Amino acid sequence: MTASLSGGTLRVGVAGDVGLESAPRLEAMLDLSRLDGVFRLELDLSGVTFFSCAGIAAVSDVRRDGLRVLLVAAAPSVNRVLALLPMSGRQCQTA
């Protein structure tokens, strides 16, 4: 997992399995979106091979007022799961 912050945009890249062991690390990276001045989160899940309910919880908890969430890329299986989440509406856009 990687995270970079530039000009108000936080970009988080995730690869491999997102399960009980790795979800806390994902949550910690997504928590960086709460820093002052962050208004956009770009989430790249293209390298994710397994996405458990722990990963779903981490991603759904990232919503907050004023934060634009952009799903830059996702593996097809992850995309199908994320499409079922409430954040897939107005607050989350796919690139």
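Just above sits the structure.
A. Seen up close, helix α1 (residues 23-31). Considered for burial, the residues of α1 that qualify are A23, L26, M29 and L30. One side of α1 holds all its buried residues, which, seen down the axis, span an arc of 120°. Along its buried surface, α1 packs onto β1 (2-6), β2 (9-18), β3 (40-51) and α2 (53-60).

B. Quick look at the nonpolar core. Among the nonpolar cores identified, the biggest contains 24 residues, and V12, L30 and L45 are the most heavily contacted of them. Secondary structure elements with two or more residues in this core: β2, α1, β3, α2, β4 (68-74) and α3 (76-82). Element by element, the count of residues in this core is highest for β3, at 5 residues. Discounting residues that sit within four places of it in the chain, L45 has contacts with V14, F51, L71, A73, A74, A75, V78 and L82.

Reading guide: rules and limits
Residues numbered from 1 in each chain as written. Predicted model: local features only at pLDDT ≥ 70, side-chain atom pairs only at ≥ 80, totals over all residues. Heavy atoms only, no water. Buried < 20%, exposed > 50% of the residue type's maximum accessible area, 1.4 Å probe, protein only. Helix = DSSP H or I, 4+ residues; strand = E, 2+ residues; numbered from the N terminus. Arc of directions from axis to C-beta. Contact = heavy atoms within 4.5 Å. Core = buried A, V, L, I, M, F, W, Y, C linked by side-chain atoms within 4.5 Å.

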